[in-house]
Structure formats: C-alpha cells, structure tokens
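# Structural overview
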Amino acid sequence: MGGIMTVWQRSYEEIRDVGLTTYADVSFGFSPRNVHTEKLQGSKIKYHVATGFIKDYNKELLRPKSIHIRKKLMSKGAKKIVSVFDENSINDSRWDQGHELARTHYRFWSEKVLEEPWLGAIFKPKKPKTLRHRLGDVNFLVAEAEETGRFVILDGESEHASIVPPVLAAMASDISLQAIFIAGTTALECALAGIPSLCMDFEGWKRSFRYQLGEGRVIFPNYEYLWKVLTEHWNSKEGVPGLGDWSPIIDELDPFRDGRAAERMGNYLHWLIQGFEQGLERDTILAD
C-alpha cells in the first residue's frame, strides 16, 4: 500500500532466535549492537535506528511509588531490601524454566526473610495470574513470609502478564536480582536505572557477552554463593567492589541513557508522517 512498517525492540536480544526474526522498514533498537543479532537471525530491516532503552522515561514517574513501597518494608524492620524478578515457569522443564526452579527463588527468599529480621524482599512475577498455582506447596512458606510485612509480591496483572514495571521494584530496593540469566531485559532495565543489578545463571551460559561483568560480581551460579557475597557486601564498610556494576558494557547496550529514547522514536515517526503529508514516496521519506 506504499506505507512504512516500523517496530521497536521490546527485549534484550543476545543470540539469534528464529522467533525474533523481524521484517520491517525501520526498527528502533536499544543500541547499534543489536544489528549484529538481527543479521544472524535473518531479519530484513532497511533502517536500524538506535534510540536507547525505549522505556527509560518511566524511572522518574515511578519514583514516588517506589519510595512508598520501600518505606512500607522499612517500617516493618527491613534495613536491606532485595527485588527479585522471576520469568514465569511452565509444566515441562525441558523447554523452559519449570515450576520447581521457579519455586527455588520464592523458597530461598521466604526462608531468608523469616530468618533475618533486617531483610526485606520484593518479588515482581512475570505472570502473577498463575503464580499461586505454580508455587505449589511453597505457597505456605510465602504466606508466612508475607505476614512479616517484609516480603511483598507486586501482582498487578493484565490478562496475560504483569503490568508492574520492573524498575518500580528495583528502585524500592538496594539490590535487584533477575532470577533467569537467559532473559536479560529486566536486569538491563534495573542497571540503567542505577540500581545494582545481579543475575542468577543456573544454566551456566558462560559464553554470554554479559559474562564480562564477572561471576561473583554480577552473575551467580547458585544462591549459596550469592548469599555469601551479599553478606560480605552488607557487613563491610566499603562493600564488595563492582557488585551489580554494569558500567564496563553499558555503553554497548545503551549509548544514550538519558531518559529520551521514546522521544527519539517519536521524533523519527513524526518525520515519517510529515513526509507522507508532503506527498513524498515511501523510499524518499525513508532516505530523508
């Protein structure tokens, strides 16, 4: 019809995946680095426009609510708060994270909150609608932790997924933790918001580009190691150097980091529309 097809990058993409192959005239991506992945997965994109992380505008909008959540946990005795992001789970663990692995995260932090009166935990599930069913017997432990007032599940939901932005939970905490390493968007969003951002890598995906950040500093293979480092970090005056620090690679993932990514995309779309209003052909508009 002579129109222009545009898309925007929703999630962090590191390896090629046929399910993410894109056909579009313009793709708005986090950074130029994404072009390499798009080529590998066979995407056909005429113009790849780096804008930065599209949702980076929401940090300041959500700050008042995050402060409210933090104060609520601190009023119950929490002095250190961890935000944890699960990535949903399915019945068959051969194809994705199974329910038992998901229960590991809720079990660990529920027990820690019950053991340590100074600890608070905020969970932001990806699919809150099915969470209680998927947790099985761990529900009883979670409920006990919730009664302390220092364990909170942000369960705002739509029909298919959570409507709670990850950065809301992250800004209410001292440390953020993405429970599944292969899903990197939430960890990146938290890092861009200036929150120390950690990842659990139970699968051992050490060829990931993000391993440059360091095992024991950003990436952890198990909870025993993580808790040891967190305890050291919180009990020492200087803390553990580099804990949750993404600065070594952050420029490659988002070269802007100024809260204006959506503005850049909006400006570009506006220019495309102006071209049509001037009666220009699509190829001329795109070239301009």
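An account of the accompanying structure is given in this report.

Quick notes on the rules
Residues numbered from 1 in each chain as written. Predicted model: local features only at pLDDT ≥ 70, side-chain atom pairs only at ≥ 80, totals over all residues. Heavy atoms only, no water. Buried < 20%, exposed > 50% of the residue type's maximum accessible area, 1.4 Å probe, protein only. Helix = DSSP H or I, 4+ residues; strand = E, 2+ residues; numbered from the N terminus. Arc of directions from axis to C-beta. Contact = heavy atoms within 4.5 Å. Phe/Tyr/Trp six-rings, centres within 6.5 Å; stacked < 30°, edge-to-face > 60°. Lys NZ or Arg CZ within 6 Å of the ring centre and 35° of its normal. Polar contact = N/O pair within 3.5 Å; in protein donor to acceptor, adjacent residues only side chain to side chain. Axes fitted to C-alpha atoms, helices over the stretch in contact; angles between N-to-C directions. Parallel < 35°, antiparallel > 145°, perpendicular 65-115°, else oblique. Nonpolar A, V, L, I, M, F, W, Y, C, P; charged D, E, K, R; others polar.

## Describing helix 4 (residues 128-135)
Three- or four-residue spacings in an α-helix give side chains the same orientation, since the helix completes a turn every 3.6 residues. Taken together, the buried positions of helix 4 are Pro-128, Leu-131, Arg-134 and Leu-135. Taken down its axis, helix 4 places every buried residue within 95° of arc, on the same side. Among the exposed residues of helix 4, those oriented more than 90 degrees off its buried face are Lys-129 and His-133. Looking at the buried residues of helix 4, the elements they touch are helix 3 (99-115), helix 5 (138-146) and strand 6 (151-153). Looking one or two residues past helix 4, Gly-136 carries a phi angle of roughly 55°, positive in sign.

## Notes on the packing of aromatic side chains
The tally for this structure, following the rule as stated, stands at 17 aromatic pairs. Taking the centre distance of 6.2 Å and the plane angle of 75° together, the rings of Phe-108 and Trp-227 count as edge-to-face. Separated by 119 residues along the polypeptide, Phe-108 in helix 3 and Trp-227 in helix 8 (residues 223-235) bring together distant segments of the chain. Owing to a relative accessible area of 15%, Phe-108 belongs among the buried residues under this scheme. Ring-pair connections join several aromatic residues into one group, and the members of that group are Phe-108, Trp-109, Trp-118, Phe-202, Tyr-223, Trp-227 and Trp-234. The ring of Phe-209 carries the charged tip of Arg-33 above its face, separated from the ring centre by 3.5 Å.

## Focus: the environment of Leu-230
The residue Leu-230 is located in helix 8 in this model. C-alpha separation for the pair Leu-230 and Asp-245, spaced 15 residues apart in sequence, amounts to 14 Å. Not counting chain neighbours up to four residues away, the residues in contact with Leu-230 comprise Trp-109, Ile-175, Leu-198 and Leu-243.

## A few points about the environment of His-105
Along the polypeptide, His-105 turns up in helix 3. Separated by 57 residues in sequence, His-105 and Ser-162 place their C-alpha atoms 18 Å apart. Beyond its immediate chain neighbours, meaning those up to four positions away, His-105 contacts Gln-97, Phe-123, Ala-179, Ile-180, Phe-202 and Tyr-223. For His-105, the side chain forms a polar contact with the side chain of Gln-97, separated by 3.4 Å.

## Examining the packing of helix 3 against helix 4
It is the contact of helix 3 with helix 4, at a shortest axis distance of 10 Å, that shows an interaxial angle of 95°. As judged from the angle between their axes, helix 3 and helix 4 are roughly perpendicular. In this structure, helix 3 uses His-99, Arg-103 and Tyr-106 to contact helix 4, whose residues at the interface are Leu-131, Arg-134 and Leu-135. Considering only residue class, the contact of helix 3 with helix 4 consists of three nonpolar, one polar and two charged.

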